[in-house]
Amino acid sequence: GRLQSSKNATPAPYSNPKSAKDYDDWYTRQVDLIENEMMENLISPLADCSALMDLGAGTGLVADLTEPFFYAAVDQSEAMLQELSGKHPGAFTVLTDLNTEAGITHLAKQVEPLKPFDLVTSLWTAHYIHQQGVYEMMLESLASGGTVLFHGNFPRRKARREPPAGSDDKEWDPLFTPKTLKAALLKAGFTDVKVRGMNAIPDWVTEHLPYWAAKKIMKWSQYIPARFHYHGAGIGRKP
């Protein structure tokens, strides 16, 4: 079934060829660099030397931060996948819309010969995906003991300063919360599910601090419950 949501699709800027080409250059603020470093620390132990499927891959941030031995990138923007392939020519790419049953079915058929995966990821995109079938497809695609790391923006994101790629109301979903994320992963059959907040510090604080101080306070904020964060990741394991 379809998860209840007020949002429907990936914002148009991400499908624009020029926007896709400039995308990486938009996210170079101090807070963006620190968040990428924190993401790398979180994902690398799971992704390095693994078979990885990345949903909503964009221009390939997961592959930029990690070293999987096999990388399958999934996105609904052809322009984004073209940029990704330029950076990571060995990537297996799938163009599909995961907010439709047909899109989920298409992805399942494309990756059938490649399964099972050790890890399925989604960075900065889980709030765009509203089909419960995606969670179930992720579980089915994983090897026993495999991990899902499903990351997106929580409602507090509306208070955050966005770079040019941001598109106001489409960068956050009031119904995508730590509670609903955990519930969807558990419903799909994942175990040991935890939701981890990734940054609860306002941009106006971090942008006025030295890099080392901003990094320290952002890392400290991970001890704050996820509901107070701008974004976070649901992490679960296939039994």
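Structure report, in brief. Model, not experiment: these values are computed from the prediction. (Residues numbered from 1 in each chain as written. Predicted model: local features only at pLDDT ≥ 70, side-chain atom pairs only at ≥ 80, totals over all residues. Heavy atoms only, no water.)

Some thoughts on the packing of aromatic side chains
This is how it is decided: The aromatic pairing rule takes the rings of Phe, Tyr and Trp, using the six-membered ring of Trp, and pairs them if the centres are within 6.5 Å, calling planes under 30 degrees apart stacked, those over 60 edge-to-face and the rest tilted. Type-normalised accessible area, obtained with a 1.4 Å probe on protein chains alone, sets the label of each residue: buried when under 20%, exposed when over 50%, and partly exposed for intermediate values. Two conditions define a charge sitting above a ring: the NZ of Lys or the CZ of Arg must be within 6 Å of the ring centre, and it must be within 35 degrees of the ring normal.
Scanning all chains against the criterion turns up five aromatic pairs. Both rings, one in Tyr23 and one in Tyr27, keep their centres 5.1 Å apart while their planes meet at 50°; by these two values the pair is tilted. As far as the burial class goes, Tyr23 and Tyr27 line up, both buried. Following the ring pairs from residue to residue traces out a cluster consisting of Tyr23, Trp26 and Tyr27. The ring of Tyr230 carries Arg156 above its face, with NZ or CZ at 4.4 Å from the centroid.

Quick notes on helix 5 (residues 101–111)
What counts here: Helical segments are the DSSP runs of H or I of at least four residues, strand segments are the runs of E of at least two, and each set is numbered from the N terminus. An arc is given here, and it is the one of the directions from the helix axis to the C-beta atoms. Residues are treated as being in contact if the distance between any of their heavy atoms lies within 4.5 Å.
Considered for burial, the residues of helix 5 that qualify are Gly103, Ile104, Leu107 and Val111. Buried residues of helix 5 fall within an arc of 100° about the axis and therefore sit on the same side. Of the residues in helix 5, the exposed ones pointing more than 90 degrees away from the buried face are Glu101, Ala102 and Lys109. Buried residues in helix 5 make contact with strand 1 (51–55), strand 2 (70–75), strand 3 (92–95), strand 4 (117–122) and helix 6 (132–141).

Remarks on the sheet that holds strand 2
Keep this limit in mind: Pairing between two strands is assigned when DSSP locates at least 2 bridges connecting them. Only the stretch in contact is used when a helix axis is fitted, and all axes are lines through C-alpha atoms; the angle between N-to-C directions ranges over 0 to 180 degrees.
Strand order in the open sheet formed by seven strands is 3-2-1-4-5-7-6, and the pairing between neighbours is mixed. Of all the strands in the sheet, just strand 3 and strand 6 (191–199) have a single pairing partner and so form its edges. Sheet twist, expressed as the average angle between the axes of neighbouring strands with direction ignored, equals 15°. Inspection of the sheet shows strand 1 paired to strand 2 by five bridges, in the parallel sense. The residue of strand 2 that forms the bridge with Asp54 is Ala73. Of the strands in this sheet, strand 1, strand 2, strand 3 and strand 4 are in contact with helix 5, which crosses strand 3 at around 160°.

Re the pattern of salt bridges
Stated precisely, the cut-off is as follows: Should a side-chain nitrogen of Lys or Arg be within 4 Å of a carboxyl oxygen of Asp or Glu, the pair is scored as a salt bridge.
With the rule as written, the count across this model stands at eleven salt bridges. Here Glu83 and Lys21 are joined by a salt bridge, their closest N and O atoms 3.4 Å apart. Taken as a pair, Glu83 in helix 4 (residues 78–87) and Lys21 in helix 1 (residues 17–26) lie far apart in primary sequence, 62 residues in all. Using a relative accessible area of 54% as the deciding quantity, one classes Lys21 as exposed. Within this structure, Arg29, Asp32, Glu35, Arg160 and Asp203 form a network of salt bridges that share partners.

Quick word on unusual backbone geometry
With an omega of 0°, the peptide bond running from Lys115 to Pro116 counts as cis. Position of Pro116 relative to the elements: it lies in the loop between helix 5 and strand 4. Backbone geometry at Cys49 places phi at a positive 65°, although glycine is not the residue there. Tracing the backbone through its elements, the reader meets Cys49 in the loop between helix 2 (30–47) and strand 1.

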